[in-house]
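Listed here are the chains, written in short residue letters.
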Amino acid sequence: MTLARYLVAAVGARLADEGARVAIVLLALERTGDARLGGLLVAALMVPHVLAAPLVGAAADRVRRRKPLYAAAFLATRSR
């Protein structure tokens, strides 16, 4: 994969992830008038990232070939 293709994909993914957080806070603020609820929703959105990152990182450090691990993780998230 070329660097340009990687950068386009990475920027798109980052914008979508960060944009969702902003949208959740704004939606909660519009619907309820309570910014704290938006903060709680964003915190709930981040729980899987916080819990899974150390586990996946440790698994990636232990395996010899990381591509099958990453492919399995990708397919596991898409099967829902």
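Position labels on residues start from 1 in each chain and follow its written sequence. pLDDT decides what is reported in this predicted model: residues at 70 or higher carry local features, side-chain atom pairs at 80 or more are listed and counted, and totals for whole chains, interfaces and linings draw on all residues regardless. The side-chain values count all of the structure's non-hydrogen atoms but skip hydrogen atoms and water molecules.

The name an unreviewed UniProt entry assigns to the protein chain is MFS transporter, from the organism Actinoplanes awajinensis subsp. mycoplanecinus.

Enquirer: Would you mind showing me how to read the overall build of the protein chain here?
Expert: For the purposes of this entry, the term helix denotes a DSSP run of H or I that reaches at least four residues, the term strand denotes a run of E that reaches at least two, and both are numbered from the N terminus. For the protein chain, the count of helices and strands is three helices and zero strands. When the elements of the protein chain are put in sequence order from the N terminus, they spell out α-α-α. To get the radius of gyration, use the C-alpha atoms; to get the globule rule, take the number of residues to the power 0.38 and multiply by 2.2 Å. Taken over the C-alpha trace, the protein chain has a radius of gyration of 16 Å; the compact-globule value for 80 residues is 12 Å, which it surpasses by more than 25%. Here the C-alpha coordinates of the protein chain stretch approximately 50 × 30 × 20 Å along the principal axes. Counting the 80 residues in the protein chain, one finds 6% classified as buried. For the protein chain, the exposed surface amounts to about 6800 Å²; the carbon and sulfur share of it is 68%. Taken together, the 12 basic and 5 acidic charged side chains of the protein chain have centroids lying 15 Å from each other. Residue burial is assigned from relative accessible area. The probe radius is 1.4 Å, only protein chains are included, and a residue is buried under 20% of its type maximum, exposed over 50%, and partly exposed in between. Accessible surface area values rest on a Shrake-Rupley calculation with a 1.4 Å probe, where residue burial reflects the displayed protein chains alone. Residues counted as positive are Lys and Arg, residues counted as negative are Asp and Glu, and His and the chain ends are not counted. Taken as the charge centre is NZ of Lys, CZ of Arg, CG of Asp or CD of Glu, depending on the residue.

Enquirer: Would you take a moment to explain a nonpolar patch on the surface for this structure?
Expert: A cluster of nonpolar side chains, Leu 3, Tyr 6 and Leu 7, forms an exposed patch at the surface whose accessible area comes to about 330 Å². Inspection of the secondary structure puts Tyr 6 in helix 1 (residues 3-32). Here, patches come from residues exposed beyond 30% relative accessible area and free of salt bridges, joined within 9 Å for like charges and within 5 Å for nonpolar side chains (Val, Leu, Ile, Met, Phe, Trp, Tyr). Take a side-chain nitrogen of Lys or Arg and a carboxyl oxygen of Asp or Glu: if they are within 4 Å of each other, that pair is a salt bridge.

Enquirer: Would you mind showing me how to read the UniProt feature "transmembrane region" (unreviewed entry) in the protein chain here?
Expert: As recorded in UniProt, the feature "transmembrane region" (unreviewed entry) lies at residues 40-60. End C-alpha atoms of residues 40-60 are separated by 30 Å, and the span's content is 100% helix alongside 0% strand. UniProt positions are given in the numbering used here, feature names are shortened, and annotations may be inferred rather than shown by experiment.

Enquirer: How should I be thinking about the packing of helix 2 (residues 35-62) against helix 3 (residues 66-78) in this particular structure?
Expert: For any two helices packed against each other, one specifies the crossing angle of their axes together with the interaxial distance. All axes are obtained by fitting lines to C-alpha atoms, using only the stretch in contact for helices, and the reported angles, taken between N-to-C directions, cover 0 to 180 degrees. Remark: helix 2 packs on helix 3, axes separated minimally by 9 Å, with the N-to-C direction vectors making an angle of 150°. Between helix 2 and helix 3, the angle falls in the class roughly antiparallel. In this structure, helix 2 meets helix 3 at a crossing whose hand is right-handed. In contact with Ala 59, Ala 60 and Asp 61 of helix 2, helix 3 contributes Arg 66, Leu 69 and Tyr 70. Here the word oblique covers every angle except those under 35 degrees (roughly parallel), over 145 (roughly antiparallel) and from 65 to 115 (roughly perpendicular). We call a crossing left-handed when the near helix sits turned anticlockwise from the far one by less than a right angle, and right-handed when that turn is clockwise. Here, residues are in contact when the closest pair of their heavy atoms is within 4.5 Å.

Enquirer: I tried to follow the pattern of salt bridges on my own but got confused; where do I start?
Expert: Going through the model one piece at a time under the given rule, you end up with five salt bridges. One salt bridge connects Arg 21 with Asp 17, and the closest N-O pair in it is separated by 3.1 Å. Here Asp 17 and Arg 21 lie together in helix 1, a separation of four residues that amounts to about one turn. Residue classification places Arg 21 among the buried residues on the basis of a relative accessible area of 15%.

Enquirer: Any chance you could explain helix 1 here in plain terms?
Expert: Residue pairs spaced three or four apart in an α-helix point in one direction, given the helix's 3.6 residues per turn. The span expected for a helix works out to 1.5 Å for each residue beyond the first. With 30 residues, helix 1 ought to run about 44 Å at 1.5 Å a step, and its terminal C-alpha atoms sit 43 Å apart, in line with that. Downstream of helix 1 by a residue or two, Gly 33 has a phi angle that is positive, lying close to 75°.

Enquirer: How should the environment of Val 25 be read in this particular structure?
Expert: Here Val 25 shows up in helix 1. C-alpha of Val 25 to C-alpha of Leu 3: the two residues are 22 residues apart in sequence and 33 Å apart in space. If sequence neighbours within four positions are ignored, Val 25 has contacts with Gly 38 and Val 42.

Enquirer: How should I be thinking about the confidence of the model for the protein chain in this particular structure?
Expert: Any residue range with low pLDDT should be treated as having predicted coordinates unsuitable for detailed reading. Confidence along the protein chain averages 87 in pLDDT terms, with 96% of residues attaining 70 or more. The pLDDT value expresses, per residue, how confident the predictor is, ranging between 0 and 100. Mean pLDDT in the protein chain bottoms out at helix 3, which sits at 83, and peaks at helix 1, which reaches 90.

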